[in-house]
Amino acid sequence: MQKKTVLVTGGAGFLGSHLCKVLLERNNRVICMDNFFTGRERNIAPLKNNPDFEVVLHDVTSPYSFYVDEIYNRACPASPPHYQRDPVSTFKTCIFGALNALELADKWHAKVFQASTSEVYGDAAVHPQVETYWGNVNPHGIRSCYDEGKRGAETLFFDYHRQNKTRIKVVRIFNTYGPNMNPEDGRVVSNFIMQALKNEDITIYGDGSQTRSFCYVDDLIRGFLCLMDSDDSVTGPVNMGNPGEFTMLELAENVIRLTGSKSKLVYRPLPQDDPKQRRPDISLAKQLFNWEPEIKLEDGLKKTIEYFRNFK
Ligand code: NAD
Ligand code: UDP
């Protein structure tokens, strides 16, 4: 079978680097496009010897053109401290990044995949979150550049699909963790593990009663491939994440136990608009692809702790 040419924007980031690896294992030609805003050379270094792997240093807000069979549009900082570092650029990345990917997909009649997010549900009033829920998002808060950017990107995807019959695949990703996360990323799993390994105070924002559902990266990437391989009638949006729900205090206790750390908990102010409760309803992904996560939080944390322990 002829090799497919697959573009992964944001390919040097946490999720993008795992996806590039799996796509190469599936015998594709992979083009990794990144501006290294949060991506890192070390994530893709092991792939660089593969002749089917190419890295393009490019900002997705500017148009680009080359032949592709499939596009995974994943470029965008995902951690609140990073997407809030340059909110105008985050918003542009979401919107122009989506537009440029959709234009290229139309040109070659390629499938185009959008990495959307549970953030489109905002501080959800419906729990667990199901795809039919329209969300509760502050349009002008500090999270809006990301939340509204991703909502705008979904709008573009579905308008291109209705107007041009573009072959779209939209996934709403819930909190995912694992190796290749940046220790400086600022998200809760990497923060807690790094703090625990250094026996430093563990920073709980608010009272730690807010919940999140954590999916191990391998489970998520398996889900991405199910969605991309599905026939064109399956557009999403489809939730992907692990339905196990934990408070941040429970997460901290797990990390302390698994690292054997002497860290103490310290409490810091809760950031503005921080969602109180989050858990995906994954019935749709189960029904469409028979997909559900297999890796329990404890096992995924052990693998991630091992990665950070050996991080140099
Ligand atoms: P990440 O920050 O590790 O990766 C993002 C990548 O995009 C980085 O390599 C970065 O350099 C690149 N990038 C950012 N802006 C760019 C631009 N303008 N042009 C080119 N490259 C650019 O984050 P991640 O966790 O791997 O997330 C990847 C995607 O998945 C994002 O779109 C994010 O919104 C989505 N997502 C992730 C999660 C999660 O829990 N990890 C949850 C929901 C959605
Ligand atoms: N959080 C925390 N301590 C940290 C980092 C984050 O208590 O050092 C909390 C944060 O307030 C949020 C949850 O952990 O309630 C998840 O935060 P993260 O930034 O990982 O993702 P998101 O809020 O986008 O789900």
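Predicted, not measured: the structure shown is a model, and the values here were computed from it.

## Here we look at the site of ligand 1
Right, on to step 1. Lining the immediate surroundings of ligand 1 are 29 residues, of which L15, D34, T38, Y146 and T176 lie closest.
Right, on to step 2. At 2.6 Å, a side-chain N or O of T38 approaches an oxygen atom of ligand 1.
Right, on to step 3. In this structure, V60 approaches ligand 1 through a main-chain N or O atom, which is 3.0 Å from a nitrogen atom.
Right, on to step 4. Within the complex, 96% of the 820 Å² of free accessible area of ligand 1 lies under protein.
Right, on to step 5. Listing elements by their share of the shell around ligand 1, those giving two or more residues are α1 (14-25), β5 (111-117) and α5 (144-164).
Right, on to step 6. Top contributing element to the shell around ligand 1 by residue count: β5, with 3 residues.

## Here we look at the environment of D34
Right, on to step 1. As for its placement among the helices and strands, D34 is situated in strand β2 (residues 29-34).
Right, on to step 2. Each C-alpha atom of the pair D34 and V8 lies 8.6 Å from the other, and the pair is 26 residues apart in sequence.
Right, on to step 3. Ignoring sequence-local partners within four residues, the contact set of D34 consists of G10, G11, A12, G13, G39, V56, L57 and H58.
Right, on to step 4. A polar contact of 3.4 Å, which involves the side chain of D34, links it to the backbone nitrogen of G11.
Right, on to step 5. In terms of polar contacts, D34 uses its side chain to reach the backbone amide nitrogen of A12, at 3.0 Å.

## Here's the deal with the site of ligand 2
Right, on to step 1. Taken together, 18 residues lie near ligand 2, and V188, T203, R212, D274 and R278 sit nearest.
Right, on to step 2. T203 is positioned such that a nitrogen or oxygen atom in its backbone is 2.7 Å from a nitrogen atom of ligand 2.
Right, on to step 3. Between ligand 2 and the protein, one listed contact pairs an oxygen atom with a side-chain N or O atom of R278 at 2.7 Å.
Right, on to step 4. Protein burial of ligand 2: of its 520 Å² of free accessible surface, 95% is covered by the chains.
Right, on to step 5. At the level of secondary structure, the elements contributing two or more residues to the shell around ligand 2 comprise α6 (188-197) and β8 (202-205).
Right, on to step 6. The residue inventory of the shell around ligand 2, partitioned by class, reads 7 nonpolar, 5 polar and 6 charged.

## As for the sheet that holds strand β4 (residues 70-73)
Right, on to step 1. Reading across the sheet, the 7 strands line up as β3-β2-β1-β4-β5-β6-β11 and stay open at both edges, with parallel pairing between neighbours. Where the open sheet ends on each side, the last strands, each with one partner, are β3 (53-57) and β11 (238-240). Averaged over all neighbouring strand pairs, the angle between strand axes comes to 20°, with direction disregarded.
Right, on to step 2. Both β5 and strand β6 (residues 167-173) contribute to a ladder of 7 bridges, which runs parallel. What sits directly across from Q114, in β6, is V170.
Right, on to step 3. Its contacts with the sheet put α1 on β1 (5-9), β2, β3, β4 and β6, and the angle it makes with β1 is roughly 170°.
Right, on to step 4. Helix α7 (residues 217-229) rests against β4, β5, β6 and β11 of the sheet, and its axis sits at about 155° to β6.

## Here's the deal with the environment of W291
Right, on to step 1. By the secondary structure assignment, W291 is in the loop between α9 (283-289) and α10 (297-309).
Right, on to step 2. Sequence separation between W291 and D219 is 72 residues, and the spatial gap between their C-alpha atoms is 8.8 Å.
Right, on to step 3. Excluding anything up to four places from it in sequence, W291 contacts D219, L220, R222, G223, M240, G241, I282, A285 and K286.
Right, on to step 4. A distance of 3.0 Å separates a polar side-chain atom of W291 from the backbone oxygen of D219.

## Thoughts on the nonpolar core
Right, on to step 1. Core analysis: the biggest nonpolar cluster contains 57 residues, and Y72, F224, L251 and L301 have the highest contact counts within it.
Right, on to step 2. Here this core takes 7 residues from α7, the largest share from any one element.
Right, on to step 3. Discounting chain neighbours no more than four positions away, the residues touching L251 are V188, V189, F192, F214, L297 and L301.
Right, on to step 4. Core analysis: the next-biggest nonpolar cluster, separate from the first, contains 23 residues, V68, I95, F157 and V170 among them.

## Quick notes on the packing of α1 against α7
Right, on to step 1. Viewed as axis vectors pointing N to C, α1 and α7 meet at an angle of 60°, and their least axial separation amounts to 10 Å. The pairing of α1 with α7 is recorded here as oblique in orientation. In the packing of α1 onto α7, the handedness of the crossing is right-handed. Of the residues in α7, those in contact with F14, L15, H18, L19, V22 and L23 of α1 are V217, D218, L220, I221, F224 and L225.
Right, on to step 2. For the contact of α1 with α7, the residue count by class is 10 nonpolar, 1 polar and 1 charged.

Parameters and conventions
Residues numbered from 1 in each chain as written. Chains lettered and ligands numbered in written order. Predicted model: local features only at pLDDT ≥ 70, side-chain atom pairs only at ≥ 80, totals over all residues. Heavy atoms only, no water. Near = heavy atom within 4 Å. Polar contact = N/O pair within 3.5 Å; in protein donor to acceptor, adjacent residues only side chain to side chain. Areas by Shrake-Rupley, 256 points an atom, 1.4 Å probe, with all protein chains shown as cover. Helix = DSSP H or I, 4+ residues; strand = E, 2+ residues; numbered from the N terminus. Contact = heavy atoms within 4.5 Å. Nonpolar A, V, L, I, M, F, W, Y, C, P; charged D, E, K, R; others polar. Pairing = 2+ DSSP bridges. Axes fitted to C-alpha atoms, helices over the stretch in contact; angles between N-to-C directions. Core = buried A, V, L, I, M, F, W, Y, C linked by side-chain atoms within 4.5 Å. Buried < 20%, exposed > 50% of the residue type's maximum accessible area, 1.4 Å probe, protein only. Parallel < 35°, antiparallel > 145°, perpendicular 65-115°, else oblique. Left-handed = near helix turned anticlockwise from the far one by under 90°.

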